[in-house]
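These are the residues of each chain, in order.
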Amino acid sequence: MVFRAPARARFTLINEGTYNGGMLVLKFGGASVRTPESFSKIAALIEERYQQDNRLVVVVSAMGNMTDQLVRLATQIHPDPPKRELDMLISVGERVSIALLAMALQKRGLQAVSFTGSQSGIVTSCDHFDARITSVHPYRIESALNEGKIAIVAGFQGVSEVKEITTLGRGGSDTTAVALGAALGAKAVEFFKDVDGIYEMDPDAFPLARRLEQMTHGEALQMVLKSKHPVLHPRCLELAEQKGLPLRVLSFESKEGGTWVRSSRSDE
Ligand code: ASP
Ligand code: MG
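Draft legend 1. A look at the overall build of the protein chain. Counting secondary structure elements, the protein chain contains seven helices and 13 strands. Its C-alpha atoms give the protein chain a radius of gyration of 18 Å, near enough to 18 Å, the size a compact globule of 268 residues would have. Taken along its principal axes, the extent of the C-alpha atoms in the protein chain is 45 × 45 × 40 Å. Buried positions account for 52% of the 268 residues belonging to the protein chain. Contacts in the protein chain between residues at least 24 apart in sequence constitute 74% of all its contacts with a sequence separation of at least 6. For the protein chain, the computed accessible surface area is about 12,900 Å², with 51% contributed by carbon and sulfur atoms. Between the averaged position of the 31 positive side-chain charges in the protein chain and that of its 31 negative side-chain charges there is a distance of 3 Å.

Given below as structure tokens:
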């Protein structure tokens, strides 16, 4: 099926709900892939998840502060780097991660295949460095899942209708994960972070702050809009709220803890 989004389309998805309840999106941020060893560590975690849910899409960010380094590199060449070329450059960060993660999984004997944003069918506006996802056509991901493979997707990037490579704004990989989760009818999107959940206050500044077991999308959105270091990107929360998609924030280092973000709290 060919899909064409009108110029000012609301977010539109293809095959929404096809796998209702059947698949899971895992998202790993830059902190979880700082070193070569991190890839083997998270590959072990992914293997564990794969034994429970064998339809897995993994969205990954650039290693550590690679995106910052690439932006800095660009400014050494041009004081105000042209945004199209900047997107061409910084989209490489996530591409490094997907290839290395697919290799780490294959080393464990799992079938895994990496896809760029464009190969994953993530179509965006043409606003370089701050593009918005307009539609998702995850045909290649579906085929990979049908073949029993783990699909590894580059976060933060897409392709415009005129086939330009775009990026979604800093922290945009969260939005990639939620957009794919909605398009594929995922039962949840799990975000693996260097914290074990969402806290009522910044745990660095307030060591006695309590971790929240659960909250609503709206509550999480209010919180991240006020936060200097938001635990999730506001846009991903807006999209998850609109699609009723459950999110879970948990640690890539510990099995304890976690915070669920859903349409309503179970005690409501
Ligand atoms: N690597 C990109 C950034 O640092 C996207 C992301 O991490 O979500 O902003
Ligand atoms: Mg990053």
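Draft legend 2. Geometry of the nonpolar core. Counting residues in hydrophobic clusters, the biggest one holds 40 residues, and the most contacted among them are Val57, Ile141, Leu237 and Leu247. Broken down by element, this core gets its largest block of residues, five residues, from helix H5 (residues 173-183). Core analysis: the next-biggest nonpolar cluster, separate from the first, contains 35 residues, Ala43, Tyr50, Ala74 and Leu105 among them.

Draft legend 3. Spotlight on the sheet that holds strand E2 (residues 24-28). If you walk across this open sheet you meet the eight strands as E4-E7-E3-E2-E10-E12-E13-E11, and the pairing is mixed. In the strand order of this sheet, the two ends are held by strand E4 (112-115) and strand E11 (214-216), each with one partner. Between one strand and the next, the sheet's axes are offset by a mean angle of 20°, whatever the strand orientation. In this fold helix H6 (residues 217-226) packs onto E11, strand E12 (247-251) and strand E13 (259-262), with an angle of close to 85° to the strand it touches most, E11.

Draft legend 4. Main features of the site of ligand 1. Every residue close to ligand 1 is listed here: Ser61, Ala62, Thr67, Glu94, Phe156, Arg170, Gly171, Gly172 and Ser173. Between a nitrogen atom of ligand 1 and a side-chain N or O atom of Glu94, the distance comes to 2.7 Å. The contact in question runs from an oxygen atom of ligand 1 to an N or O atom on the side chain of Ser173, over 3.0 Å. Notes on ligand 1: free accessible area 260 Å², of which the protein chains cover 86%.

Draft legend 5. Examining unusual backbone geometry more closely. Positioned with a positive phi, Phe156 is a non-glycine residue whose angle comes to about 75°. Of note, Phe156 is situated in the loop between strand E7 (150-154) and strand E8 (157-160). Residue Phe156 is classed as buried on the basis of its relative accessible area of 3%. Positive phi outside glycine occurs at Lys163, with the angle close to 70°.

Draft legend 6. Broad picture of the pairing of E2. In terms of burial, E2 is a largely internal element, five of the five residues being buried. When E2 meets strand E3 (residues 56-60), the two strands line up parallel, connected through five bridges. Looking at the pairing, Leu24 lines up with Leu56 of E3. Pairing of E2 with strand E10 (residues 188-193), which is carried by five bridges, proceeds in the parallel orientation. Directly across from Leu26, in E10, lies its bridge partner Glu190.

Draft legend 7. Geometry of the pattern of salt bridges. Counted by the stated rule, this structure contains 15 salt bridges. When the shortest N-O distance is used, the salt bridge between Glu48 and Lys255 registers 3.3 Å. You can see Glu48 sitting in helix H1 (residues 36-52) and its partner Lys255 sitting in the loop between E12 and E13, a full 207 residues away along the chain. By relative accessible area, which is 69% here, Lys255 ends up exposed. When salt bridges that share partners are traced, they join Arg49, Glu190 and Arg248 into one network.

Analysis parameters
- Residues numbered from 1 in each chain as written.
- Chains lettered and ligands numbered in written order.
- Predicted model: local features only at pLDDT ≥ 70, side-chain atom pairs only at ≥ 80, totals over all residues.
- Heavy atoms only, no water.
- Helix = DSSP H or I, 4+ residues; strand = E, 2+ residues; numbered from the N terminus.
- Rg over C-alpha atoms; globule rule 2.2 N^0.38 Å.
- Buried < 20%, exposed > 50% of the residue type's maximum accessible area, 1.4 Å probe, protein only.
- Contact = heavy atoms within 4.5 Å.
- Areas by Shrake-Rupley, 256 points an atom, 1.4 Å probe, with all protein chains shown as cover.
- Lys, Arg positive; Asp, Glu negative; His and termini not counted.
- Charge placed at Lys NZ, Arg CZ, Asp CG, Glu CD.
- Core = buried A, V, L, I, M, F, W, Y, C linked by side-chain atoms within 4.5 Å.
- Pairing = 2+ DSSP bridges.
- Axes fitted to C-alpha atoms, helices over the stretch in contact; angles between N-to-C directions.
- Near = heavy atom within 4 Å.
- Polar contact = N/O pair within 3.5 Å; in protein donor to acceptor, adjacent residues only side chain to side chain.
- Salt bridge = Lys/Arg side-chain N within 4 Å of Asp/Glu carboxyl O.

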